[in-house]
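Residues per chain, in single letters:
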Amino acid sequence: MDSCEVVHRKKAEVAVVRPRVPDHVEQFCPRHLDLGKVISLLEDPLTTNMLEKHIFVLKKLFKRKQQGFLLRELASISRIIKVCGEKADKQPEYCSILCEALNISRLPFLKEKVSDELNYAEDVKQFLSRMGYLMGVSDGEVRRKVVESVKSYFNCSSPSKPPLDGPQPTSPGYRLQLLEHSDLAKTLFLSAAALEHQPAIKLLLLQTLQLLSSTSDMNCALMLSVRGAESVCLRLNEPDPSGLILFHSSEILWNLLECSNKAAVAAQLNNLECAISLKEAFNHALLNASRHVDLQIRNDLLVLATLFAENSCALLIESLFAKQLVALSTFPELKSSLVGDLKLTYNMEDLQMKKLLLNLLVVMSRDPATTPIFKEEQVILALLTLARPPAGPSEEKSGSRDWSYVQMEELQLQALAVLATVAPLMLDHYMACYGNVALLHLLDWCARQDGYCGQGHSFHATGGRGSKKAHMRYCIRLMRAVTSLDDKTLNQDLCDQGTIQLFLGLLMQMESSPGDEDAFTVEMKSDMQVILSALCESDMHRKELFGSEGVGMTVHFLKRGAGMFYSGLGHNKLLLATLMCVRTCIVGCCPTEDFFLAQDGVLVLLDLLSSSPKCVHSVVLATLLELCDNQNTIPHILSWSDGGGRTAPSLLLRLWRREEEELGVSRNHHGGITDPKQPILAHRKVDDAELMSTLDTASAAVLEMQENLLAKIYLIFCRIGFEDLPGLSVKDRVTLSIVKRYLDFKVSEVWDEISRELSLEGVRPVTPDQETLRIARQMSQRTAEEVVAEQEEILRQHAQEANKEEELMYEEMKSHWKQRQLTAKSWSNFVSKTSNYDILKEIKEKREKHMETIRTEPTEEDVAQRHEEVFIGKLMVDTDSDGRGSVNLKVVQTPVMAAAHEEVLLAPREPRYFNTVPVKD
């Protein structure tokens, strides 16, 4: 009999009907709390209103969990917290239970097995998400506990003495890792809107969101998914007695920029409301900044303004924020009413603000709408004032409030860098502010040796520590930017002030100390040559001013060759700039060209063509081609030869063959034509030509002439001629026959393209035009066949010459062998006479008898005949004066000494070998 029935018996006189209590409630044992029964107690319709019972059981439950929640119990704990959270608004008694649960949740979760961390990961994520939903409870203490609990997760210190047995705490980073995969960060962020009347909790929440956004990209992505950047930006100017909301909000925005998608942040901030909010926040930080942290907030907001300018400068202009920022960038060099009574302390934070403002000018200049603002606020004048030569440390006034020596150097270099971007947009203001005078004055200061020691700490001062190299580098870069616009007034003003002679002197001065050459020095040399090219390109008088000094400079740089082309220091740009300087400053002016030829400039160009990479060949050939308009250039080209004896025509033909090989043109092993129907067209380019014919583009055959070297080589040969060229091999002569007909082949190729285009378009030409196309095709094939026949004739003549040379070699070998035999026989006779007395006696008797028969005085002819017994033929080669004629053989006689004079042969000397000598006609 249960207790309920007993009660009914004792009070039978009172008819009270009550709901029956479930069995599991009566059997609930306080010593062992079953979480399932606790959940049933909270959710069962019969017990859902038993508030006192709920509070009693939950307190018992959480009192026994003071060491932390087990991972396997988190699913049930989450359900209990959910039910309590739903009841908390109507029954505040549950708030204390939630606070107790949140206090326990600060402790590390407990695992009974090593695998629990992986097995119950999903339960942990649901538990963390459930904690975030508790921010919907209106009770301030619950909200505070939620935020404090999440904030405590970033204190990863584990218990000093974990228990030796029983459940063990999870790893320190386990909870943070799973927090990223839950929606806790998003829920907390959304709850900020409900904390308008709870500023202390809101400040604590912002601190927690700052931690979440600074430690995880996934948390930042969750915040952005609910337009977190826009929400934070719009709340920058909310009332803040503590003065910390602006700081934490700016830090959150900064974290979102750094740790997440920058484009997504920019897209959320791309509206006028955010621009106005940012403007008001920046003005507040600018005028009320007194502490170091306030100055940092001001600079962070300036970075956000830069982000605005990068994506939509129009919003800054529309909100009048752009005008204020431009005016502030000219302070303190110029005074503006928009700046007001702003006072700078010239500390590092103020320096950072000034540098950010200068960088903002570069970003804003990309929008043409900002140009009128720049002109109105006299940005060019402010930058030129800032870029003046700095005063030395000894010239600084003691006690004056101004930028320090090091700070001034950084600002000066950045001002020069900004001018290189801004000045080309406002050349009229640049000229009105005498920009060229200021730059040349600065450049003159850079060239002087006055003991200036650059600090070289900033980005722009890289490579210039201890010198003025950084100042000169940015000054030259700025001059290159303004001269590249080809403004006649500006360029004439520079030339009138002696810029050409100044740059020539600086170039040779830098070359006098090659040990100091680095990437920045090479960049300056390249920029100066580009500036000289821009100044002299279209004015003959300036080319004359370039003169012999400029020619010497260009020849000097060309002689350095292309050995360091791939060094990574910029020598490739320097070489191309030098070649550009030759084409624009020398070519076209006869006196300057003569100076260049006298300095062997053409020979240096050919040396460069022989040793440089392929990417330079086109520029070198174009320069040589333009120089060939001067008739004095041709002898220089024909007189050139490299160390291996290769001449200029041979070098050009070698480049021709290499170009054809890269284009895929079919050639035999002698370099001759293999397909008369397509003598110069690559087979793999036929399909490309057909594809281009369907587009609205120029002819592929014409475009191909601009892309490769063949047309330039052909035109050079047209200048130097195709006949009587020195140093050509058989392969060169075969290739030359193709080069000679290049224009004919190219015209035929264009006719073929026309025919293919008509065929692809389905157009049939009229009969006369079709006949013209057929005749053009036949002429092309006939020309190719003539070239093939000419190539075969060249090869046949070469084969004949080779046979003649081979026969001559064999004759030489036979004559040499015959001479050796006769010499050996003479020596054998001499040895036999000296070793055999009978033979010597016999020879003596024969000689005496012969002497007796001669009664008369012997003549000179007889003496010669007596002393010359054997004659050996000697081959003489008769060639033409140029060494290329036919080979004629002549025989002269060489005596072999008789026995009477063979004693002379015994003397030690070198044997006389056969040699050929030319016989003049």
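Residues numbered from 1 in each chain as written. Predicted model: local features only at pLDDT ≥ 70, side-chain atom pairs only at ≥ 80, totals over all residues. Heavy atoms only, no water.

Observations regarding the overall build of the chain
What counts is decided by this rule: Counting from the N terminus, the helices are DSSP H or I runs at least four residues long and the strands are E runs at least two residues long. In this scheme, a residue with accessible area under 20% of its type's maximum is buried, one over 50% is exposed, and one in between is partly exposed, where area comes from a 1.4 Å probe on protein chains only. By definition in these notes, contact holds between two residues if any of their heavy atoms fall within 4.5 Å.
Across its full length, the chain holds 45 helices and 4 strands. Across the 921 residues in the chain, those meeting the buried criterion constitute 45%. Across the chain, contacts joining residues at least 24 apart in sequence account for 74% of those joining residues at least 6 apart.

Concerning the pattern of salt bridges
Condition: We count a salt bridge whenever a side-chain nitrogen from Lys or Arg sits within 4 Å of a carboxyl oxygen from Asp or Glu.
Counted by the stated rule, this structure contains 41 salt bridges. A single salt-bridge network, built from bridges that share partners, covers Glu511, Glu517, Lys525 and Arg560.

A few points about the packing of aromatic side chains
Note the threshold: Only rings of Phe, Tyr and Trp enter the pairing, Trp through its six-membered ring, and a pair is recorded when the two centres are within 6.5 Å. The plane angle decides the type: under 30 degrees is stacked, over 60 is edge-to-face, the rest tilted. Any Lys NZ or Arg CZ that is within 6 Å of a ring centre and within 35 degrees of that ring's normal is treated as a charge sitting over the ring.
One pass over the full model with this rule turns up 11 aromatic pairs. Ring pairs connect the aromatic residues Trp656, Tyr714, Phe717, Phe722 and Tyr742, which therefore count as one cluster. The lysine or arginine in question, arginine 175, covers the ring of phenylalanine 109, its NZ or CZ lying 5.1 Å from the ring centre.

What about the packing of helix H29 (residues 499-511) against helix H31 (residues 540-559)?
Here is the rule we go by: Throughout, an axis means a line fitted to C-alpha atoms (over the contacting stretch in the case of helices), and angles, computed between N-to-C directions, take values from 0 to 180 degrees. We call two directions roughly parallel when the angle between them is under 35 degrees, roughly antiparallel when it is over 145, roughly perpendicular when it lies between 65 and 115, and oblique otherwise. Definitions for this section: a left-handed crossing has its near helix turned counterclockwise from the far helix by less than a right angle. A right-handed crossing has that turn clockwise. Ten residues, namely Ala, Val, Leu, Ile, Met, Phe, Trp, Tyr, Cys and Pro, are considered nonpolar, four, namely Asp, Glu, Lys and Arg, are considered charged, and the remaining ones, Gly among them, are considered polar.
Where H29 meets H31, the closest approach of the two axes is 10 Å, and the angle between their N-to-C directions is 15 degrees. The orientation of H29 with respect to H31, classified from their angle, is roughly parallel. H31 is crossed by H29, and the crossing has left-handed handedness. In this structure, H29 uses Ile500, Gln501, Leu504, Gly505, Leu507, Met508 and Glu511 to contact H31, whose residues at the interface are Arg542, Leu545, Phe546, Glu549, Gly550, Met553, His556 and Phe557. When its residues are assigned to classes, the contact of H29 with H31 shows 8 nonpolar, 4 polar and 3 charged.

Quick notes on the packing of helix H35 (residues 614-627) against helix H40 (residues 710-720)
In contact at an axis separation of 10 Å, H35 and H40 are set at 25 degrees when each is read in the N-to-C sense. It follows that H35 is roughly parallel to H40 by the angle criterion. With respect to the hand of their crossing, H35 and H40 are arranged in left-handed fashion. Mapping the contact onto sequence places Ser618, Leu621, Ala622, Leu624 and Leu625 in H35 and Lys712, Ile713, Leu715, Ile716 and Arg719 in H40. Along the lines of polarity and charge, the residues of the contact of H35 with H40 split into 7 nonpolar, 1 polar and 2 charged.

Quick look at the state of the cysteines
Heads up, the rule is: Disulfides are defined as cysteine sulfur pairs within 2.5 Å.
Evaluation of the coordinates by the stated rule reveals 0 disulfides. For cysteine 446, which is in no disulfide, the shortest distance to another cysteine sulfur is to cysteine 475 and amounts to 5.9 Å. Taking relative accessible area as the criterion, cysteine 446 reaches 7% and is therefore assigned buried. With no disulfide partner, cysteine 589 has as its closest neighbouring cysteine sulfur the one in cysteine 590, 6.9 Å distant. For cysteine 589, a relative accessible area of 2% translates into the label buried.

Here we look at helix H16 (residues 262-269)
Which entries qualify depends on this criterion: An arc is given here, and it is the one of the directions from the helix axis to the C-beta atoms. In protein, a polar contact means a hydrogen-donor-capable atom and an acceptor-capable atom, both N or O and within 3.5 Å, with residues adjacent in sequence counting only if both atoms are side-chain atoms; elsewhere, any N or O pair within 3.5 Å suffices.
Among the residues of H16, Val265, Ala266, Gln268 and Leu269 are the ones counted as buried. Around the axis of H16, the buried residues are gathered within 160 degrees of arc, so they sit on the same side. Residues of H16 that are exposed and point over 90 degrees away from its buried face: Ala263 and Ala267. Where H16 begins, one side-chain oxygen reaches toward the backbone nitrogen of alanine 263, 3.1 Å away; that side chain belongs to asparagine 261.

Notes on the environment of serine 337
Relative to the helices and strands, serine 337 is located in the loop between helix H20 (321-329) and helix H21 (348-364). Since its relative accessible area comes to 72%, serine 337 is described here as exposed. Linking serine 337 and alanine 327, residues 10 residues apart in sequence, is a C-alpha distance of 8.5 Å.

Observations regarding the nonpolar core
Rule in force here: Nonpolar core, defined: a set of buried Ala, Val, Leu, Ile, Met, Phe, Trp, Tyr and Cys residues in which side-chain atoms within 4.5 Å join the residues together.
Leu58, Phe62, Ile80, Leu532 and Phe717 are the most contacted members of the largest nonpolar core, which has 232 residues in total. When residues in this core are grouped by element, the largest group, 10 residues, is from helix H24 (residues 405-422). Dropping the residues within four chain positions of it, leucine 532 is found in contact with Ile500, Phe503, Leu504, Leu507, Phe546, Met553, Cys581 and Cys585.

Regarding H35
Counted only if it meets this: Helix span, as expected, comes to 1.5 Å for every residue beyond the first.
Compared with the 20 Å implied by 1.5 Å per residue over 14 residues, the 20 Å span of H35 between its first and last C-alpha is a close match. Against the buried residues of H35 lie helix H32 (571-585), helix H33 (590-598), helix H34 (601-611), helix H36 (633-639), helix H37 (648-663) and H40.

A word on the side chain of serine 612
Residue position: serine 612 is located in the loop between H34 and H35. Relative accessible area serves as the criterion here: at 8%, serine 612 is assigned to the buried category. Sequence-distant contacts of serine 612, defined by excluding residues within four places in its chain, comprise Ala562 and His617.

Here we look at a nonpolar patch on the surface
To keep things clear, this is the line we draw: Candidates for patches are residues over 30% relative accessible area with no salt bridge; among them, like charges are joined within 9 Å and nonpolar side chains (Val, Leu, Ile, Met, Phe, Trp, Tyr) within 5 Å. Methods summary: accessible areas were calculated by the Shrake-Rupley approach with a probe of 1.4 Å, and residue burial reflects only the protein chains presented.
Among the surface-exposed residues, Leu743, Val747, Trp751 and Ile754 lie close enough to one another that they form a single nonpolar patch of about 320 Å² accessible area. Along the chain, leucine 743 turns up in helix H42 (residues 742-760). Among the residues examined, leucine 743 registers a relative accessible area of 43% and is labelled partly exposed.

Quick look at unusual backbone geometry
Both trends apply: most residues other than glycine have a negative phi, and most peptide bonds are in trans. Following phenylalanine 331, the chain continues to proline 332 via a peptide bond in cis, the omega torsion being 5 degrees. Mapped onto the elements of the fold, proline 332 is located in the loop between H20 and H21. One non-glycine residue, glutamine 378, lies in the positive phi region at around 55 degrees. On the secondary structure map, glutamine 378 appears in the loop between helix H22 (371-376) and helix H23 (379-386). The backbone phi angle of tyrosine 434 is positive, close to 55 degrees, even though this residue is not glycine.

Concerning the side chain of lysine 525
With respect to the helices and strands, lysine 525 occurs in helix H30 (residues 519-536). What makes lysine 525 buried here is its relative accessible area of 1%.

Considering the environment of phenylalanine 331
Within the secondary structure, phenylalanine 331 is located in the loop between H20 and H21. Residue phenylalanine 331 is classed as buried on the basis of its relative accessible area, which comes to 9%. Among all residues touching phenylalanine 331, those that are not within four sequence positions of it are Val339, Leu342, Leu344 and Lys354.

Focus on the confidence of the model for the chain
Segments scoring low in pLDDT should not have their predicted coordinates read at a detailed level. What counts, and what does not: Values of pLDDT, ranging from 0 to 100, describe the predictor's confidence in every residue of the model.
Looking at the chain as a whole, its pLDDT mean stands at 83, while 85% of the residues score no less than 70. Taken element by element, the predicted model of the chain shows its lowest mean pLDDT in helix H1 (residues 3-10) (37) and its highest in H23 (95). This model gives residues 1-31 a pLDDT under 50, and the stretch forms 23 contacts once residues within four places in sequence are excluded. Counting interchain partners and residues more than four positions distant, the pLDDT-below-50 stretch residues 866-921 has 85 contacts.

Thoughts on the environment of glutamine 412
Position of glutamine 412 among the secondary structure elements: in helix H24. Considered as a pair, glutamine 412 and leucine 384 are 28 residues apart in the sequence and their alpha carbons are 9.0 Å apart. Aside from chain neighbours lying at most four places away, what touches glutamine 412 is Leu386, Ala387, Arg388, Pro389, Pro390, Leu442 and His471.

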